[in-house]
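# Secondary and tertiary structure notes
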Amino acid sequence: DWAGFASRSVPRLQGEERGDVIVEARLRARLTNDHRTRGVEGLRVDVADGVATLSGLVSDDVHDAAVEIATGTRGVRRVRDTLRDRARSRWSRRS
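Notes on the structure follow. The model shown is predicted, which means the values in this text are computed figures rather than measured ones.

## Topic: the side chain of D85
Structurally, D85 can be placed in strand β3 (residues 78-85). Assessed through its relative accessible area of 18%, D85 is described here as buried. For D85, the contacting residues outside a window of four places in its chain are L57, V58, S59 and D60.

## Examining the nonpolar core
Ranked by size, the top nonpolar core spans 15 residues in total, and within it L27, L31, L43, L54, A66 and L83 carry the most contacts. If you list the elements that add at least two residues to this core, you get α2 (18-33), β1 (44-48), β2 (51-58) and α3 (60-71). If you tally residues by element for this core, the top one is α3, at 4 residues. Ignoring any residue separated from it by four or fewer positions in sequence, one finds L83 in contact with L43, L54, S55, G56, V58, H63 and A66.

## Re the pattern of salt bridges
One pass over the full model with this rule turns up 3 salt bridges. Close ionic contact of D34 with R36 constitutes a salt bridge, the shortest N to O distance being 2.9 Å. Overall, D34 belongs to the buried group, its relative accessible area being 17%. Ionic pairing is found between R36 and E68, a salt bridge with its closest N-O pair at 3.5 Å. Taken together, the residues span a long stretch of sequence, with R36 in the loop between α2 and β1 and E68 in helix α3 at a distance of 32 residues. By relative accessible area, which is 32% here, R36 ends up partly exposed. Through salt bridges with shared partners, one network takes in D34, R36 and E68.

Definitions and cut-offs
- Residues numbered from 1 in each chain as written.
- Predicted model: local features only at pLDDT ≥ 70, side-chain atom pairs only at ≥ 80, totals over all residues.
- Heavy atoms only, no water.
- Helix = DSSP H or I, 4+ residues; strand = E, 2+ residues; numbered from the N terminus.
- Buried < 20%, exposed > 50% of the residue type's maximum accessible area, 1.4 Å probe, protein only.
- Contact = heavy atoms within 4.5 Å.
- Core = buried A, V, L, I, M, F, W, Y, C linked by side-chain atoms within 4.5 Å.
- Salt bridge = Lys/Arg side-chain N within 4 Å of Asp/Glu carboxyl O.

Dropping the structure here:
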């Protein structure tokens, strides 16, 4: 969420992580502006050393869109995909 990102970013902007904050803001903006990922619950994003980590429980469509958007975001050197399929996770809990 943007509020959490903003509060975490203030100290990072003053240190050596400034570039990562800018890249993460760029990625978050792109995810927010894309109809496939806008407002999706469970999608978490973090950028450290140019590596964008995507995590959370999302649908297959959201997964594919988020990875595509992250991969195409300026400043992201690599995408670490730890997203899990929401449908598969629900099914495995019922077993």
